[in-house]
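Structural features, examined
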Amino acid sequence: MRVLVINCGSSSIKYQVIDPASGERFAAGTLERLGEERSHEEALGALVGELSEHAIEAVGHRVVHGGARFVDAVRIDGEVLAAIEACVPLAPLHNPANLAGIRAAQAAYPDLPHIAVFDTAMHARLPRRARTYAIDQELATAHSIRRFGFHGSSHGFVAQKAAETLGTSLRELRVITLHLGNGASACALEFGTSVETSMGMTPLEGLVMGTRSGDLDAGVVLRLARELGIDETEHLLNKKSGLAGISGLGNDLREIQRAAAEGHDGARLAINVFAHRARKYIGAYAAVMGGLDAIVLTGGIGENSAPMRRRILQRLEFLGVRIDEDKNQDASVSDDDPVFDISSSTARVKTFVVATNEELQIAKETAKVAGGDTEVSQKKPIPIAISARHVHLDRAAMDALFGEGSELTHYKDLSQPGQFASNERVNLIGPRGKIERVRILGPLRPACQIEVSRTDEFRLGVDAPIRRSGKVRGSAPITLEGPNGTIHLEEGLICAWRHIHMTTKDAEDYGVKDGDMVEVSVSGRGRDLTFGDVLVRVKDSYRLEMHIDTDEANAAELSRGATGALTYTDVEGDGAVIQQRRA
Ligand code: ADP
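Source: prediction; values computed, not measured.

1. Looking at the overall build of the protein
Helix and strand counts for the protein stand at 20 helices and 26 strands. Each principal axis of the C-alpha distribution contributes one length, and for the protein these read about 85 × 55 × 50 Å. Counting the 583 residues in the protein, one finds 50% classified as buried. When contacts within the protein are restricted to residue pairs at least 6 apart in sequence, those whose partners lie at least 24 apart make up 64%.

Following this line, the structure appears as structure tokens:
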């Protein structure tokens with residue numbers, strides 16, 4: 001297979017034609033001065049002729065920001081384009097250019113599959129604790145302020161090369177990758193998943209870079225903004241900081257190293273700060289992963305600067321990192337021979353220099369999506385909501401528990417329109433134990449319904465049936481204790497049947513109808529799981545969302561913001577398997 005890889009900037013398009021299996025490159029080049037002399041469409045249109053001999057089968061597009069939505073490469077359709085567009089505020093310099101490239105390439109190659117490969121996707125499963133900034137969470141959610149991470153194709157590629165060299169799977173390894181180019185970032189890959197990375201909401205956080213500052217006290221930003229204004233501060237931190245800012249020279253480390261050798265104080269300081277920051281991240285990431293098997297250095301600096309590697313990797317013996325300085329000096333890598341081991345024979349942790357190849361990684365991911373069974377993965381992911389135990393009351397129970405004529409008071413809206421969590425809580429009392437302060441959801445319903453997990457049932461000492469909402473006839477008994485009294489219900493306690501709320505339009509898109517049972521798969525959190533017997537509930541007032549309880553979520557290691565993929569449909573909804581979507 002031959003893949004055309006396109007990396008589109010605002011004024012240029014870099015392209016390569018690659019065989020993803022062998023890594024062989026058949027063509028490469030840069031289309032420049034776009035926007036001035038010719039449009040993206042014209043440039044790519046002309047390229048089609050030049051590349052016609054190559055029998056290209058798919059086009060892979062580098063897209064910088066995939067936001068929270070894209071956890072993998074995807075085939076581009078109208079909906080995906082709109083979602084990339086929606087990420088423009090997160091990457092105002094990059095995503096518009098990427099979109100222009102996609103549109104131009106679609107015009108040039110209307111019959112080929114176009115695949116978007118995101119710099120952020122590899123970090124999409126960062127644990128919540130790693131992706132959260134310690135600020136007001138409502139504000140953070142409203143403005144998508146969270147850590148995303150970048151350089152995913154590079155971190156993924158070089159980590160994989162290291163694993164291959166070690167003769168094992170990434171799933172067996174804890175690896176720290178340092179991509180040290182003009183942009184620089186570190187990544188902690190714990191058993192194949194990115195669990196920490198140094199770039200955050202934007203590529204400005206983390207390591208010292210050619211012209212970017214990396215980590216700063218936010219107070220510094222405020223101070224600078226007061227002194228210089230916002231735009232000047234942004235320019236300063238992105239374009240005039242980092243190695244260039246400290247040294248007062250350019251951003252080229254070679255020049256800085258030469259000046260340092262001649263005694264230039266700024267150059268020496270720049271090198272020291274750069275190395276110190278990188279070493280600090282290695283220690284931090286080893287702690288985050290609770291251990292370390294390999295370190296990988298890549299990017300222009302990581303691949304080429306032996307002195308910088310030595311500075312970064314010194315005094316890490318306590319972690320088991322030990323460099324052979326002769327090997328470090330000799331290290332040389334290329335696309336044909338991409339891995340060089342610089343560890344000493346006594347090192348517990350292996351250290352590799354690896355030539356990164358983001359285009360090849362993009363080509364590989366493109367081939368995987370273009371060649372694979374994409375029907376399933378292309379469908380809109382289903383947001384998953386985790387329901388804690390909760391109570392629905394009827395009028396009579398409300399009166400008995402909280403006083404005649406009392407009303408639920410609003411705590412916060414739930415995702416399904418009209419539903420809300422109330423401030424009121426009750427205790428659940430079973431024959432074996434009691435669960436206190438269980439929240440009541442409003443509004444009041446025609447019948448009481450108490451939804452608990454299997455774990456809760458054990459605490460209470462009751463066997464509750466698994467029921468769909470509203471079907472409480474013949475369910476389990478439970479005692480409720482409120483501030484105004486206690487009532488015993490002969491029925492009402494259930495373990496909720498996992499289900500998906502969706503609109504008629506969603507149902508059409510997924511090819512299902514109300515009452516169908518489907519399967520939903522979740523992956524990427526180290527406890528991949530396919531939920532069977534998921535009930536489809538269709539109503540136009542619903543919002544697309546799958547509801548599971550805390551036991552089900554824990555079984556798949558899911559947290560807020562998780563999504564699943566509809567993988568399988570049993571259209572009749574009676575247990576008979578009618579249609580299987582996945583080959
Ligand atoms: P980009 O992020 O733009 O792709 P690269 O990965 O090409 O950047 O890295 C560019 C950086 O690598 C520059 O700072 C350059 O000084 C540095 N670099 C390249 N070769 C050497 C070398 N032999 N010694 C030191 N630094 C080098």
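2. Observations regarding the site of the ligand
As a matter of local geometry, the ligand sits amid 13 residues, with Asn182, Asp252, Leu253, Gly300 and Asn304 nearest to it. Contact between the ligand and Gly183: an oxygen atom at 3.5 Å from a main-chain N or O atom of the residue. Side-chain polar atom of Asn304 to a nitrogen atom of the ligand: 3.4 Å apart, as the coordinates give it. Burial of the ligand by the surrounding chains reaches 68%, relative to a free accessible area of 580 Å². Residue assignment for the shell around the ligand shows that the elements contributing at least two residues are helix H10 (253–261) and helix H12 (299–304). Looking at the shell around the ligand, the element that brings in the most residues is H12, giving four residues.

3. Focus on the nonpolar core
By size, the foremost hydrophobic cluster in this structure holds 45 residues, and its most contacted members are Leu180, Ile282, Leu292, Ile312 and Leu313. Those elements giving two or more residues to this core turn out to be strand S7 (174–180), strand S8 (184–190), H10, helix H11 (265–289), strand S10 (294–298) and helix H13 (306–313). Of all the elements, H11 adds the most residues to this core, at 11 residues. Leu292 has contacts with Arg174, Val175, Ile176, Ala286, Leu319, Val321 and Val349, leaving out every residue within four places of it along the chain. In this structure, Val3, Ala159, Leu173 and Val369 belong to the second largest nonpolar core, which totals 26 residues.

4. Points about a nonpolar patch on the surface
A cluster of nonpolar residues, Leu216, Val220 and Val221, forms a patch on the protein surface that exposes about 190 Å² of accessible area. Along the chain, the position of Val220 falls in helix H7 (residues 218–228).

5. Focus: the state of the cysteines
Under the counting rule described, the total for this entry stands at zero disulfides. The closest cysteine sulfur to the non-disulfide-bonded Cys187 is located on Cys87, 20 Å from its own sulfur. The exposure class of Cys187 is buried, given its relative accessible area of 0%.

6. A closer look at the packing of aromatic side chains
A ring pair, where both rings are aromatic, is described by two values, the distance of the centres and the angle of the planes. Counting across every chain of the model gives two aromatic pairs. Between Phe70 and Phe118, the ring centres sit 4.4 Å apart and the planes meet at 10°, which makes this aromatic pair stacked. One end of the pair, Phe70, is in the loop between strand S4 (58–63) and strand S5 (74–75); the other, Phe118, is in strand S6 (residues 114–118), and 48 residues separate them in sequence. Taken as a pair, Phe70 and Phe118 share a single burial class, namely buried. Judged by centre distance (5.4 Å) and plane angle (85°), the rings of Tyr281 and Tyr285 are edge-to-face. Pair noted here: Tyr281 and Tyr285 are both in helix H11, with a separation of four residues, about one helical turn. You'll find Tyr281 and Tyr285 in the same group, each marked buried.

7. Looking at the sheet that holds S5
Here we have six strands laid out as an open sheet, ordered S3-S2-S1-S4-S6-S5, and mixed in their pairing. Strands with a single pairing partner mark the edges of an open sheet, and in this sheet they are strand S3 (25–31) and S5. Two elements, strand S2 (residues 13–18) and S3, share six bridges in a ladder whose sense is antiparallel. In the strand pairing of S3, Lys14 is matched with Thr30. On the sheet, helix H1 (residues 40–50) packs against strand S1 (3–8), S2 and S3 and is oriented at approximately 25° with respect to S2. The strands that helix H15 (residues 358–371) touches are S1, S2, S4, S5 and S6; relative to S4, the one it contacts most, it runs at about 125°.

Quick notes on the rules
- Residues numbered from 1 in each chain as written.
- Predicted model: local features only at pLDDT ≥ 70, side-chain atom pairs only at ≥ 80, totals over all residues.
- Heavy atoms only, no water.
- Helix = DSSP H or I, 4+ residues; strand = E, 2+ residues; numbered from the N terminus.
- Buried < 20%, exposed > 50% of the residue type's maximum accessible area, 1.4 Å probe, protein only.
- Contact = heavy atoms within 4.5 Å.
- Near = heavy atom within 4 Å.
- Polar contact = N/O pair within 3.5 Å; in protein donor to acceptor, adjacent residues only side chain to side chain.
- Areas by Shrake-Rupley, 256 points an atom, 1.4 Å probe, with all protein chains shown as cover.
- Core = buried A, V, L, I, M, F, W, Y, C linked by side-chain atoms within 4.5 Å.
- Patch = residues over 30% accessible without salt bridge, like charges linked within 9 Å, V, L, I, M, F, W, Y side chains within 5 Å.
- Salt bridge = Lys/Arg side-chain N within 4 Å of Asp/Glu carboxyl O.
- Disulfide = S-S within 2.5 Å.
- Phe/Tyr/Trp six-rings, centres within 6.5 Å; stacked < 30°, edge-to-face > 60°.
- Pairing = 2+ DSSP bridges.
- Axes fitted to C-alpha atoms, helices over the stretch in contact; angles between N-to-C directions.

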